[in-house]
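One-letter residues, chain by chain:
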Amino acid sequence: MNMDSKENQNEATNDFLFRSPFKPEQQAAAIQNSLANIHRDLEYINLHGFEEFTKRRAIHITEEEKSTAGVEDENLGTAFEGTLRDYQIFMLERAKKENTIVHLGTGMGKTLISIMLMKEFLVVARKNHKKDCVDAVEKKKQILFLVPSIALAVQHTDCFKANLPCKVETACHTSSNSARAREDIAVADVVVATHGAAKDLLTHYPDVMCLEKVSLMVMDECHYATGNHNYATILEKFYHSLPKDKRPRILGLTASPLINVSVRTNAEQLQTLLTNFEDIMDARLVGFPSSDEKGCSSRSDVEQAVIEYKSSENISLPNDAKWKLHVSRKKELKQLQILCDDVGPRVTAAYAATLAKEISRNEFEQESQKQCDSLKSYLLHVSNYLNEHIAAGRCGLNGHTDKMRKLQILLEKVLSSDNRLAEQNPVGIVFVEMRITAIALSNYFSSIAKEQASVNNDMEVASDNESDAHKDDDIFADAENDASMDFRADIKVAANSTTPTLTRSLIRCDVAVRKANHIFKYLSNKKPLDKHQQQDLEDDWVHQTTQIRTIISKLRNRETNLLFATSIVEEGIDVEACSFVISFDAIKTVKSYIQMKGRARQKNAKFFVFADDNVSSQPLSLNNALAVENMVQQFIAHREEEYIREYNSSSDSPYGCGNIECAEDKAMQSEEYKTSLASVDLSSSKSLLNRYALSVPIDPMHMPRYKDDSLTLPTHIPPDSRVIKLPFLFRSLPRKKKHSLMSLAACVRLHKLGLLNDRLLPLSGADMKRWLIEHALNELPPCKSIPPEAFKKPYKVHLYKLSQCGAIFSQEEKSLFSDDRRLSLALALPSPLPDSIPSISFDHCELGRIQCCLVSHGAEELSDYQWELLTDFHCVVFNARWRRKSKSKWFCFDDQLLSKHSNPYVVGCLGDNNKLDWDYMEAILDEFSRSIDERKLVVQQCGNIMTSPRIWCPTYNPNASYIVYGDSGKTCQCDFATSEYKSFKQYYADKYCLKVNKDGRMYKAKRMWEFPSTSRDATRMKKIPVVDIPQELCIESIVADPLLILHTIVLPQFLYKLEQYRMTASFISHLLNSYPVIGKCLSALPLELIAEALTAKSCSEEVSYDRLEWLGDAVLKLIHTDALLKWRRTSYLHEGYLSLLRSAMGSNDRLQECSKITGISDFIFLTPLGRREWRPCGLCCINPETDEKDDQIQITPSPKVCADVVESILGLVFIQCGMDDAMSVASELGISFSFSDADAEFHSPQLLVEAITHQSCLHKPVPSYQKLEWIGDAVLCLSIREWLFRFDEKLTVPKLVVLETTLECNESLAFLGLKSGLCQFIDHRDSRLPNRFETFQRDLDTMGRGLWSTDPPKVIPDVVEALIGAAHVDLGFDQGQNAALHVLDPIIRSISSMCSASLSADFSLWSLKGILHPKQHLFEMTSGIVRVRAYKNDRFNRLGVSSLFVEDSKDLDEYVGVVTCKGLVISAVHESNKRAAINVACSLAVEILIMNPSLLEKLQDIHLLSTV
């Protein structure tokens, strides 16, 4: 290719990638029209309000219109989209044939199975229903869906209305009393009923509801069908009393089938319980077999933890005897005492005050108004009484119990966006046992949030007034000192606090309890007020019973982010946004545990249980609940496995049994073939064979071919099994019967080959995985464990000097040296460090670059006294440097913690002789033990000349520290630095209200260095100014040697990195000991690279395994592709089965198992560098006043993290060592399998022909391109990811994914294929393809379409991938990668040249306009407040919106893409196809919002207004 043609190609590619979907004049006109329409609607909203606008909005689609064809909603709503999973299909098929209890975990699709079964019964009912029948209503069959609560009834009704094309009605406790409701229920197709309403209707209104008229009865949460529950009554009285032929089909849904189970229950008792349950339900329970990949009824990715608290007796409430209250109030008021004991007086005081406002007279029990007024007075007295105790300090923990305090800490941790462990916009539920507790907690947090909102304004004004005043006197706390976890009730204190309490402004809470207004009699808010007053009253009323639909809707939309609830929402309520669940009270039953945990639907959600540390035995501990759950799951799984495999015999194929030909002969002789679960005969054999053939879409000879006495099966069958010959005994039969006999033999052969399962259906994913693990993947033996090193008596330690250097650091160090002393920190370790530990550098905003390294200085033996002295010095160093100053806890040394540490160390100090300086360490310990008076006295006795600099702290600002160099020669009456104050004396009097002696001496000092922080920009250097501070207002710091503090500035950061590198070195030793292949690969690499592969994102480091995991995923995909392709027992399978096998091999469950067994999970870095999470070796926190120890939070890797680390290691081996080593590592870890070269049989002359052969060519002697396309997809994925990985190391995974999508999308590959003339070489027999090729060519050339405004024929990118796959198969890995990069070269060069300047650390995805998908771009800009739809043109014309278009199209087959926000149309465009219409509409909306940034704020206001 010459230079001119190459330049032309680059120009065409750039034009395709970055071209706008409009011509400039079209774009301007479209934007002008859209803006005019938007501003018109906004003006109408401002004048008339949003409600009026919704009545006349441009696009108003009724429920009837939504159900019509021609409209596609691009946003996920309540309607189900997608396909059923294999296990759902399996259970659905069982439910179609017999009464079934579906046992699935929360969020695994029980409701979806019921919907699909209901659709089946609705179809049958409609076929049997005669429209002209007079008694049609009486003969009509209904579907009855029973639920245990109103909340579930509301949820399921909404879901069924969105997914079922029929009339759905709800029956609750009011239905029996409403004639109109009963009429609606009688004619409904589906009735969603609470158990009480259903029993009432069946008992008293058999003409409305009768089980003889019910075709299907679904029982949600069917585990209640025991004892005296209404479920059991309905079954016993109304179901079992019917003849069997008149009974409805039963479908039970449950996540916890056996609820009365304890850890002492054995298998025999479980079998008895399950049998009794099945007898009551008249159904058989269906669960997962134990070998199924999803053989677990609970969420495996939910992190679970116990929050222990110490209960204590709280203050007693004042006696109510003198208040002469009504007798009915005695019992009610006991709730307040229980509440006070549970959460503390502060919450109780706030609730009592609220209760006094809302409570009214108990007219039912003849309470007088005077007694009611006395009750209100008493409640106010309780509130004041408790507040007085809090103010007087008689209530510890700021008026909270330890349980309440830990709840606040936990909520701040999971809700704070600044917290590293918090999810983005988290939503959670707190379950409590008592209604009063839920309402009181909600009342407390809501009032705190309102008060904080009003205080924030005052705080901003105050901060503005003080921003310019004496900046050197600010508090320079450690940047890693996290916000205080305590909630302070005094808002003024919180306003003036340097560490704001985040939870106050974060929590937007709501409450869900049954009959909130009946906790006390009575709490109704119905008072004689006008409309506006009534609305304000309802908004502030605490004891109101809000509709559960409204509460859950707010939680789903994140209008609220925390719900305090009782068991009313424990079962079945789906909140997909929920990322954490807290059980504030102890777990009572396993059912409650499963159901509460199941409300957390987000990935990697968290479940916390509060447990009383003072109670020896909880009702049900978390460990016991988990053990019981697992026990029941395993029992059910094993039972299901035995049922499925009861008749299976041993064979080498997944479902094989015995000799194939013998089984075929027997089947033809008996004219029937039976398996353990199904059978086929002559009448159904041919249709079954065709059904299998149609499930193999890639085979060009996919339909069986019959000859006189032989049958040829599809070409993916092994050659020696492909042809079935009819025995001579049957050759004289009629032709039709011969074909049926051969079809029957073919079904037998497919079953024996493992291509049909025991149900005689094509294999599911679970079938393939079970067979794969059984025959291909090896079970890994547990690895050898290496005990951690430890200090042992006599204490022999290896000393390593911590050498720190840097230009500014050395200057500071020199200025602090005395003539007779030098100082260096050292690490004492039980064994020598590996030589591979690298030096580490840190950037400091005031000290510049600091280079740290360890230098060996031999070993020393220590006495017991010296060891104690060394560990005490270790504590002092970190109490001075790493202790959280906002807490009253101090570090102390614990030998047990030191022995448990995987890489222990102790920090000491070296003298000038490079030996441990015992004298200096003793002096530091003496300094540390001084009292406050002694430290004040030292300062007051300081003379004019100081022998060495010291650290002083001002008494008016004890958290600030200054390095004092000596007397400045000034006194307090000297002039101040600025003209604002005349003297230092006036400054301290006006600023701090402090009197100082005018003759008091001033000392020259400068603020101590800031501690490192990720929030500070270390590249911007700051100079510390010298100031004067008064001697009489200062106290010496607990550790006053600035030279020691200087050497500890980056000590925590260094030790944190050192622990990672030592852990990495231990990881390599572990691998060399147990897995030599991977150990040899990694031992040759720098520790920094290996540490990156082991660092989880929770560490909040600059680098993590994210990029390597992204690359390793593609490596594993190609490794599995090659393994399956070259293994003789899988190479003949079609690509659908191969994809299932590949997914099973690389599933997270398999990778997690590999990580656990190989011990990789023990070496993952999870703990971030923060005072709350990370502690130096051997230290624990203790409160000197109470001797209470604060255990360090232990973080365990989630299953997803374990799987990700395995992939990241694979990616690291690939990028550093190559593909051959990566394949060996995968085989050694048991996540792939090796194959012999003899397994691979390729015929290169046919590969090119196969790669361009379309599946419509049925009679060619080669297969179609689809298997090669499957291979090429994996090759292309790895080549793109490797190029992007090497292209720029600063690219994060989200940015990499955007670029990867652009490179490998169908639009890009089709563009490359079309420009290279590939279309003319594709061999096909599809009459539609030429027209598709021409349209695509015209869109690119004549119409000037860009990347996202085309709709290419999929065959073009498929053939491009097939050609890449052919190169990989024929020429090997390296040539396959080169072929992929050669094909992508034009787009790679364009992206590389266009993005090189933009791809930096501050690179935003938005800067790549044109590359980022328009819909993704739009949703990221608008945070999902818009809706995107595509309409057929004739459908859209009836909606009356045509003024947005430059030219109105009259082609009814065109599509219209529309972007709206709550009915307000942002953009609408005509296009020839649906995909282009959606993308171009999104692109236009993006342009509009970029040109008008204020418009986005207005749309957000409209969205918020509509939700309110």
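Source: prediction; values computed, not measured.

**Q** For this particular structure, what's the right way to read the sheet that holds strand E29 (residues 1026-1030)?
**A** Within a sheet, neighbouring strands are paired by backbone hydrogen bonds and run either parallel or antiparallel to one another. Spatially, five strands are ordered E29-E28-E27-E26-E30 in an open sheet, and the strand pairing comes out antiparallel. Strands at the two margins of the open sheet, each flanked by one partner only, are E29 and strand E30 (1034-1036). Looking at each pair of strands side by side, their axes are set apart by 50 degrees on average, direction ignored. Two strands pair when backbone bridges link them, and strand E26 (residues 950-954) and strand E27 (residues 962-971) are joined in this way by three bridges, in the antiparallel orientation. From the neighbouring strand, Arg-950 faces E27, where its bridge partner is Val-964.

**Q** Teacher, can you tell me more about the sheet that holds strand E14 (residues 606-612) here?
**A** Pairing within the open sheet is parallel, and its six strands lie in the order E9-E14-E13-E10-E12-E11. Looking along the sheet, the strands with just one partner apiece sit at the ends: strand E9 (303-309) and strand E11 (509-512). Within this sheet the neighbouring strands show an average axis-to-axis angle of 20 degrees, counted without direction. Pairing between E9 and E14: seven bridges, direction parallel. Within E14, the position partnered with Ile-307 by the bridge is Phe-610. Sheet strands in contact with helix H23 (residues 590-598) are E9, strand E10 (427-431), strand E13 (578-583) and E14, and its direction is about 140 degrees off that of E14.

**Q** What is the right way to read the nonpolar core from this model?
**A** Most often, soluble globular proteins have nonpolar side chains that are buried together. Counting 205 residues, the largest nonpolar core has Leu-1055, Leu-1082 and Ile-1209 as its most contacted members. Once you skip the residues sitting within four places of it in the chain, Leu-1082 turns out to touch Phe-1067, Ile-1068, Leu-1071, Ile-1090, Ile-1209, Leu-1212 and Val-1213. Counting 71 residues, the second-largest nonpolar core is a separate cluster that includes Val-154, Cys-222, Leu-285 and Leu-563.

**Q** I keep staring at the side chain of Ser-374 and nothing clicks. Help me out?
**A** When you line up the elements, Ser-374 lands in helix H15 (residues 369-391). Sequence-distant contacts of Ser-374, that is, excluding residues within four places in its chain, are made with Trp-323 and Leu-325.

**Q** Looking at this model, I keep getting lost on the pairing of strand E22 (residues 840-844). Mind explaining?
**A** Put simply, side chains in a regular strand alternate between the two faces of the sheet. Residues Ile-840, Phe-842 and His-844 point to one face of E22 and are all buried, whereas Ser-841 and Asp-843, pointing to the other face, are not buried. Here five bridges tie E22 to strand E23 (residues 848-862), and the two strands are oriented antiparallel to one another. Bridging from a neighbouring strand, Phe-842 pairs with Ile-850 of E23. Between the antiparallel neighbours E22 and E23 lie three residues.

**Q** Before we go on, may I ask you to explain the packing of helix H10 (residues 195-204) against helix H11 (residues 230-239) in this structure?
**A** The angle between the axes and the distance between the axes are what describe a pair of packed helices. Where H10 contacts H11, the two axes come as close as 9 Å, and the packing angle between them is 25 degrees. The pairing of H10 with H11 is recorded here as roughly parallel in orientation. The two elements H10 and H11 cross, and the hand of that crossing is left-handed. Here His-195, Gly-196, Ala-198, Lys-199, Leu-202 and Thr-203 of H10 lie close against H11, whose contacting residues are Asn-230, Tyr-231, Thr-233, Ile-234, Lys-237 and Phe-238. In terms of residue class, the contact of H10 with H11 is built from five nonpolar, five polar and two charged.

**Q** I'm lost on the pattern of salt bridges in this one. Help?
**A** Pairing is possible between side chains that carry opposite charge, provided their charged atoms lie close to one another. A complete count under the given rule lists 38 salt bridges for this structure. Among the ionic pairs, Asp-1106 bridges to Lys-1097, the shortest N-O distance being 3.8 Å. When its relative accessible area of 19% is taken as the criterion, Asp-1106 is described as buried. Here Asp-1113 ties to Arg-1281 by a salt bridge, and the two come within 3.3 Å at their closest N and O atoms. On the criterion of sequence distance, the pair formed by Asp-1113 in helix H39 (residues 1106-1126) and Arg-1281 in helix H45 (residues 1266-1287) is long-range, its members being 168 residues apart. Connected through salt bridges with shared partners, the residues Glu-927, Arg-930, Arg-950 and Glu-1036 form a single ionic network.

**Q** What is the right way to look at H23 in this model?
**A** Count 3.6 residues to each turn of an α-helix, and residues three or four apart come out pointing the same way. Counting buried positions over the nine residues of H23 gives nine, a clear majority of the element. Looking only at H23, the buried set comprises Val-590, Lys-591, Ser-592, Tyr-593, Ile-594, Gln-595, Met-596, Lys-597 and Gly-598.

**Q** So what exactly am I meant to see when it comes to the pairing of E26 here?
**A** Taken across its five residues, E26 has five buried, putting it largely inside the fold. Neither face of E26 is left uncovered, since the one carrying Arg-950, Trp-952 and Pro-954 and the one carrying Ile-951 and Cys-953 both have all their residues buried. Pairing of E26 with E30 involves three bridges; the strand directions are antiparallel. For Pro-954, the partnering residue across the bridge sits in E30 and is Cys-1034.

**Q** Looking at this structure, how should I read the packing of helix H13 (residues 328-343) against helix H14 (residues 345-358)?
**A** One way to put it is that H13 packs onto H14 with a least axis distance of 7 Å and a crossing angle of 145 degrees. Contact with H13, carried on its side by Leu-336, Leu-339, Cys-340 and Val-343, involves Pro-345, Val-347, Thr-348 and Tyr-351 of H14 and no other residues of that element. Of the residues in the contact of H13 with H14, the class split is seven nonpolar, one polar and no charged.

**Q** Please clarify how the environment of Ala-188 should be interpreted in this entry.
**A** Mapping Ala-188 onto the fold places it in the loop between helix H9 (179-187) and strand E5 (190-194). Sequence separation between Ala-188 and Gln-142 is 46 residues, and the spatial gap between their C-alpha atoms is 7.1 Å.

**Q** Sorry if this is basic, but what is going on with the confidence of the model for the protein chain here?
**A** Should pLDDT be low for a region, the predicted coordinates there are not to be read in detail. For the protein chain, per-residue confidence averages 78 on the pLDDT scale, and 78% of positions sit at 70 or higher. Taking the mean pLDDT of every element in the protein chain, the minimum, 32, falls on helix H19 (residues 491-496) and the maximum, 94, on E30. Throughout residues 58-79 the model reports pLDDT below 50, and contacts reaching past four residues in sequence, or to other chains, amount to 52 contacts.

About the cut-offs
- Here the residue numbering is sequential within each chain, running from 1 through the sequence in written order.
- For this predicted model, a pLDDT threshold of at least 70 governs which residues receive local features, and a threshold of 80 or more governs which side-chain atom pairs are given and counted, while totals over whole chains, interfaces and linings are taken from all residues.
- Heavy atoms from the whole structure form the basis of all side-chain values; hydrogens and water molecules are not counted.
- Strand pairing requires that DSSP identify at least two bridges connecting the strands.
- The way it works is that DSSP assigns letters per residue, a run of H or I at least four long becomes a helix, a run of E at least two long becomes a strand, and they are numbered from the N terminus.
- A fitted line through C-alpha atoms represents every axis, and for helices the fit uses only the stretch in contact; the resulting angles, taken between N-to-C directions, go from 0 to 180 degrees.
- Contacts between residues were defined by any pair of non-hydrogen atoms, one from each residue, lying within 4.5 Å.
- To qualify as a nonpolar core, a set must consist of buried Ala, Val, Leu, Ile, Met, Phe, Trp, Tyr and Cys residues joined through side-chain atoms within 4.5 Å.
- Throughout this description, buried means an accessible area under 20% of the type-specific maximum (1.4 Å probe, protein chains only), exposed means over 50%, and partly exposed covers the range between.
- Between 65 and 115 degrees an angle is taken as roughly perpendicular, under 35 as roughly parallel, over 145 as roughly antiparallel, and anywhere else as oblique.
- Note: crossing handedness is left-handed where the near helix turns anticlockwise from the far helix by less than a right angle, and right-handed where it turns clockwise.
- Gly counts as polar in this scheme, as do all residues outside two lists: the nonpolar Ala, Val, Leu, Ile, Met, Phe, Trp, Tyr, Cys and Pro, and the charged Asp, Glu, Lys and Arg.
- Salt bridges are identified by distance alone: a Lys or Arg side-chain nitrogen within 4 Å of an Asp or Glu carboxyl oxygen.
- pLDDT measures how confident the predictor is about each residue, on a scale from 0 to 100.

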